[in-house]
Amino acid sequence: MGLCGSSDINVKEGLSTSLTYNMNGIQLDSTDIYSQNSSYRSFSIRTYNNNKIFEMEIEAFIGEREYPIFISKNSKIEINILEDENYLWSFLPNEKNVDFKGYSKYKYNDLNLGCLLLRVSSSHDYIHIDSNKFKFTSIEEGSLIFSANLDFDKSLFYEPKGSLKLIIKGGDIYDIKMIDELTDYDYKPINYKKKDEKVHSEINLTILRYINKARINIKKYINDFIFDYESQEEDNVSFISKKLNSLEIDNKLYKVAEAHCKYLCTNGTSGHIGSEGSTLQNRIEKQKIKSKEYDECIVYCNNNPISIINSLIINRYSKNKKDRKILLNDKFKKVGISLGEHLCFGYCCVIVFSD
């Protein structure tokens, strides 16, 4: 079916001026449409008519994903979902493909399991999309966030598959740095050379983005991205209220994280002990890194950057909240990140910090 086959939004007039962006809001050329990281394939966003109409694919995923589209207050947003058998998604426990309305026989919070939800980042109000031609007026302003209606406490039992194609009218597309500035997260931009693209892959930069958002303004981050924090959390570990420095991604720390991530993923194991009994200190010394302070966090079962950082903040199974303290350690200045497909847990993300 053609682009306009199921939509009231006509994009034909803007086709001659279309531009394509990745999910970080970076303009792409025609040879670089998909992310090269197999464990985080992010689709492109194509824009028309002066960037006021967006065409993008929403991949099935656990948790939330934020897109580089800024919605102003009182904006009228129109979303059309392409009716096409090639664009369906599904979530275990049932392998049956469904559309954006989710499973009718499974419910969570009185809505179909897996149905499409959206919100603006500054708002806690989820909007349930129940029609393929959907309109709403945004009361708040912020970035555009999509999610599926799932019981996150049982998310390990779900396996997301497939995607949906959406055409969105309204809002403005920006790179993620500008989006974060507009939503009160301002941090130092990352500069790197072409030869370091693997270190600075889209997924690594996205995870780093949420690390820095949490470090710069932890209370706002919790308010924006962890809605049910109070209901989940009963500990008395206080947060650092001051603004922490943002972290820079480091090539040597990336190699430390990558080596341990590959070991864990290939062997289907867990923990901080690596190949031939190596410790983090051994791996740091092997790369000839001269750091007085360093530490390591490992997150399993997830390839969603927001969910990865949320798990470090909530740190549900740790009494002393060690991972949270590492994430919010004001002595750290650098970080290395590696995400891989794990033999037993689906995914594994290793994050190494140093001063």
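Residues numbered from 1 in each chain as written. Predicted model: local features only at pLDDT ≥ 70, side-chain atom pairs only at ≥ 80, totals over all residues. Heavy atoms only, no water.

**Remarks on the packing of helix α2 (residues 202-216) against helix α7 (residues 305-314)**
Inclusion rule: In this description, a line fitted to the C-alpha atoms serves as the axis of each element, helices being fitted only across the stretch in contact, and the angle between N-to-C directions of two axes falls anywhere from 0 to 180 degrees. Helix and strand assignments follow DSSP, with helices taken as H or I runs no shorter than four residues and strands as E runs no shorter than two, numbered in order from the N terminus. Angular relationships are summarised with four words: roughly parallel below 35 degrees, roughly antiparallel beyond 145, roughly perpendicular across 65 to 115, and oblique for the angles in between. Two helices cross in a left-handed way if the nearer one is turned anticlockwise from the farther one by less than a right angle. They cross in a right-handed way if the turn is clockwise. The contact rule is simple, with two residues in contact once any of their heavy atoms fall within 4.5 Å. Classification convention: Asp, Glu, Lys, Arg as charged; Ala, Val, Leu, Ile, Met, Phe, Trp, Tyr, Cys, Pro as nonpolar; all other residues, Gly among them, as polar.
Direction vectors running N to C along α2 and α7 enclose 40 degrees, while the axes themselves pass 9 Å from each other. In terms of their interaxial angle, α2 and α7 are classed as oblique. Along this stretch, α2 crosses α7, giving a crossing that reads as right-handed. In contact with I203, T206, I207, Y210, I211 and A214 of α2, α7 contributes P305, I306, I308, I309 and I313. The residue inventory of the contact of α2 with α7, partitioned by class, reads ten nonpolar, one polar and no charged.

**Some thoughts on the side chain of S338**
Along the chain, S338 falls in strand β18 (residues 334-342). Excluding anything up to four places from it in sequence, S338 contacts N204, A257, E258, C261, C348, C349 and V350.

**As for the confidence of the model for the chain**
Close inspection of predicted coordinates is inappropriate in any region flagged by low pLDDT. We count it as follows: How sure the predictor is of each residue is captured by pLDDT, a score from 0 to 100.
Here the chain averages 82 in pLDDT, and 80% of its residues register 70 or above. Across residues 1-7, confidence stays below pLDDT 50; counting only partners more than four residues off in sequence or on other chains, it has 20 contacts. Low pLDDT, under 50, characterises residues 31-40; the stretch is placed with 22 contacts to residues that sit more than four places away or in other chains.

**Overview of the packing of aromatic side chains**
The criterion, for reference: Note on ring pairs: Phe, Tyr and Trp rings are taken, using the six-membered ring of Trp, and paired if centres are within 6.5 Å. Classes follow the plane angle, with under 30 degrees stacked, over 60 edge-to-face and the rest tilted. Partly exposed residues are those whose accessible area sits between 20% and 50% of the maximum for their type, while under 20% is buried and over 50% is exposed, using a 1.4 Å probe and protein chains only. Note on criteria: charge over ring means Lys NZ or Arg CZ within 6 Å of the ring centre, with the direction from the centre no more than 35 degrees off the ring normal.
Overall, the coordinates contain eight aromatic pairs when judged by the stated rule. Centre to centre, the rings of Y67 and F146 are 5.8 Å apart; their planes meet at 70 degrees, and the pair counts as edge-to-face. Linking Y67 in strand β5 (residues 64-71) with F146 in strand β13 (residues 142-148), this pair joins segments that are 79 residues apart in sequence. Comparing Y67 with F146, the two get one shared label, buried. Centroid distance Y210 to F225: 5.7 Å. Interplanar angle 85 degrees. Geometry classified as edge-to-face. Residue Y210 is found in helix α2, and its partner F225 is found in helix α3 (residues 218-225); the two are separated by 15 residues along the sequence. Of the residues examined, Y210 reaches a relative accessible area of 2% and is grouped as buried. F225 sits in the buried class, given a relative accessible area of 5%. One aromatic cluster is present, formed by Y210, Y221 and F225 through successive ring pairs. Across from the ring centre of Y187, 5.3 Å away, lies the NZ or CZ of K177, which sits over that ring.

**A few points about the environment of S131**
Structurally, the position occupied by S131 is in the loop between β11 (127-128) and β12 (133-137). In this structure, the C-alpha to C-alpha distance between S131 and I81, residues 50 residues apart in sequence, is 8.2 Å. With residues up to four places along the chain from it excluded, the contact list for S131 reads I81 and F100.

**A word on the nonpolar core**
Selection criterion: Buried Ala, Val, Leu, Ile, Met, Phe, Trp, Tyr and Cys residues form a nonpolar core when they are joined through side-chain atoms within 4.5 Å.
With 36 residues, the main nonpolar core has Y221, I309 and I351 as its most contacted residues. Broken down by secondary-structure element, the contributors of at least two residues to this core are α2, α3, β17 (294-300), α7, α8 (322-327), β18 and β19 (346-354). Here I351 is in contact with I207, I211, D295, E296, C297, I308, L312, V335, G336 and I337, once residues within four sequence places are set aside. If you look at the next biggest cluster of nonpolar residues, it comprises 34 residues, including I79, F91, L118 and V120.

**What about the pairing of β5?**
Across the eight residues of β5, eight count as buried, placing the element largely inside the fold. Residue alternation in β5 divides its side chains into two sets, E64, E66, P68 and F70 and R65, Y67, I69 and I71, and both sets are buried.

**What to know about the pattern of salt bridges**
Formally: Each salt bridge in this description consists of a side-chain nitrogen of Lys or Arg and a carboxyl oxygen of Asp or Glu lying within 4 Å of one another.
Throughout the structure, instances matching the rule amount to 13 salt bridges. Residue R119 pairs with E64 through a salt bridge whose shortest N-O separation is 2.9 Å. You can see R119 sitting in strand β10 (residues 116-120) and its partner E64 sitting in strand β5, a full 55 residues away along the chain. According to the relative accessible area criterion, E64 is buried, its value standing at 5%. Two residues, R209 and D180, come together in a salt bridge whose shortest N-O distance is 2.8 Å. Pair noted here: R209 is in helix α2 and D180 is in helix α1 (residues 176-182), with a separation of 29 residues, a long-range link. An identical accessibility class is assigned to R209 and D180; each is buried. The network of salt bridges with common partners includes E66, D180, R209 and K213.

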